[in-house]
Amino acid sequence: MLNKFAKWLLFGYFIYAALVVFYFLAINDSSNLPEIYRGSAADPHTFMNDRQLELTYEYSKIRHIIFFLLTPFDWILYLTILSIGLSAKFRQWAESSSKYSFFQKAIYVFWLSFVSFIILLPIDFFTYQLSKSYGISTSTFAIWMKDQLIDFWLDYIFLLLLAIVVFQLIRKNEKRWWFYAWIISIPFTIFLMFIQPVIIDPLYNDFYPLKNKDLEEKILDLASQANIPAEHVYEVNMSEKTNALNAYVTGIGRNSRIVLWDTTLSKLSDDEVLFIMAHEIAHYVKKHIYAGIAAYLIISLFGLYIASKIYNWSIKKHWRTLKINSLNDIASLPLLLVIISFLTFASSPLSNSFSRYLEHSADVYAIEMTKDKDAAIRSFQKLTIAGLSEVNPPAIVKWLRYTHPTMLERLIFIENYEVEKEK
Ligand SMILES: [Zn+2]
């Protein structure tokens, strides 16, 4: 059943997988903290017990291995679906089920999404179980499955929209479709950011005003110092899903809001929560969401241009191997997804370093606003313990995955920060 191309793909993947496992198990030692940081606030030995240190060490290694194994897995999966003719089969089924182009696309995208969902489900289940066994995830199977199904249908809708728009544009203009796709993505991205907190996020969790009234008063007081009205501050019930701590800013315009996980509110002391809140206020006040959208649009302009070049080239050269009839053949959707996913991955060091820059500026704002170094250090340390996170991850992991500075960087920055005393 597998042709030569698919066999080479799988063979290459196994070699790569073996190297990844070997690297993280035998070579990399991320528990090593540079000598100069021993005994500092960033040294995990000063705030974690032996058990926590050991679990963090193990869990981080496993997480890195899973990340590096899964990233190319999607690409291999889609290329295999193409080269063994499965994608062409989906197109045939779609064409024989309906004569309307819309329904053909809807049926094709359903089959593609469904087959990838079924193949990836056991892997997702394994990572969920793993997270549970390390005491991070607290989801029941029912909650976890519900989230998987919401993911499936949301992804389905977005993929169908993408397929309809992109193939229509390719049909109209084989050379410039990428540019028109980018133009259309601008209002769409802004619209999505606008509805995210009120339509999409509530599908997964409940959002409500802060429950702890004493704490609420302090938080809203801090928010009002930055001219943020109370109706923009929310709590979300994450404790039914995780033990980890978090807070974030989301949405644009009148839907912009600061969201605090209930785990953060219950596991941190008030002064620690206020430091986290000040960090989120910084994102809100400095309008980092808009900076993020702008950066995303710039990167995606270049990305779509490169994607169109690779797409047109691969189909002209390799249509036989990939079993694709033409540039606007719906069966080429997996190819488009591989290219987009690969370019997103390739650009992640750039987008992550931009994000780390914004996060650092939020830390600076927060420590200037609260002037409470102790609380800041304790909150970062508790965040590290709750997520069993490494203080000093391998550099490659930092480039590819870290949207925030590492805890080593954040803790050392705060520890060395000179707070100006108020007169
Ligand atoms: Zn932040």
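Coordinates for the structure precede this section.
Notes on the structure in this doc start here. (Residues numbered from 1 in each chain as written. Predicted model: local features only at pLDDT ≥ 70, side-chain atom pairs only at ≥ 80, totals over all residues. Heavy atoms only, no water.)

### With respect to the overall build of the protein chain
Argument step 1. A count of helices and strands for the protein chain gives 14 helices and four strands.
Argument step 2. Radius of gyration (C-alpha) of the protein chain: 24 Å, near the 22 Å computed for a compact globule of 423 residues.
Argument step 3. Classification of the 423 residues of the protein chain by burial places 50% in the buried group.
Argument step 4. Within the protein chain, residue pairs in contact and separated by at least 24 positions form 79% of the contacts whose partners lie at least 6 positions apart. (Helix = DSSP H or I, 4+ residues; strand = E, 2+ residues; numbered from the N terminus. Rg over C-alpha atoms; globule rule 2.2 N^0.38 Å. Buried < 20%, exposed > 50% of the residue type's maximum accessible area, 1.4 Å probe, protein only. Contact = heavy atoms within 4.5 Å.)

### Considerations on the environment of Asn246
Argument step 1. Residue placement: Asn246 occurs in the loop between strand E2 (233–236) and strand E3 (247–250).
Argument step 2. In this structure Asn246 comes out as partly exposed when scored by relative accessible area, which is 33%.
Argument step 3. Distance in space between the C-alpha atoms of Asn246 and Val259 is 8.8 Å, their sequence separation being 13 residues.

### Regarding the packing of helix H10 (residues 288–322) against helix H11 (residues 333–370)
Argument step 1. It is at 7 Å that the axes of H10 and H11 come closest, and there the two elements cross at 160 degrees. For the element pair H10 / H11, the angle class is roughly antiparallel. Between H10 and H11 lies a crossing of right-handed hand.
Argument step 2. Looking at the contact of H10 with H11 residue by residue, the classes come out as 16 nonpolar, seven polar and no charged. (Axes fitted to C-alpha atoms, helices over the stretch in contact; angles between N-to-C directions. Parallel < 35°, antiparallel > 145°, perpendicular 65-115°, else oblique. Left-handed = near helix turned anticlockwise from the far one by under 90°. Nonpolar A, V, L, I, M, F, W, Y, C, P; charged D, E, K, R; others polar.)

### Quick notes on the packing of aromatic side chains
Argument step 1. Evaluated as defined, the whole model comprises 39 aromatic pairs.
Argument step 2. Plain terms: the ring middles of Trp93 and Trp111 are 5.1 Å apart, the flat faces sit at 70 degrees to each other, and that makes the pair edge-to-face. Remark: Trp111 occurs in helix H4 (residues 101–133) and Trp93 occurs in helix H3 (residues 86–97); sequence separation between them is 18 residues.
Argument step 3. On the basis of relative accessible area, Trp111 is assigned to the partly exposed category, the value being 29%.
Argument step 4. Ring geometry for Tyr100 and Phe103: centres 6.3 Å apart, planes at 70 degrees, overall edge-to-face.
Argument step 5. Among the aromatic residues, those joined into a cluster by ring pairs are Phe90, Trp93, Tyr108, Phe110, Trp111, Phe114, Phe117, Phe152, Trp153 and Tyr156.
Argument step 6. The ring of Tyr208 carries the charged tip of Lys211 above its face, separated from the ring centre by 4.4 Å. (Phe/Tyr/Trp six-rings, centres within 6.5 Å; stacked < 30°, edge-to-face > 60°. Lys NZ or Arg CZ within 6 Å of the ring centre and 35° of its normal.)

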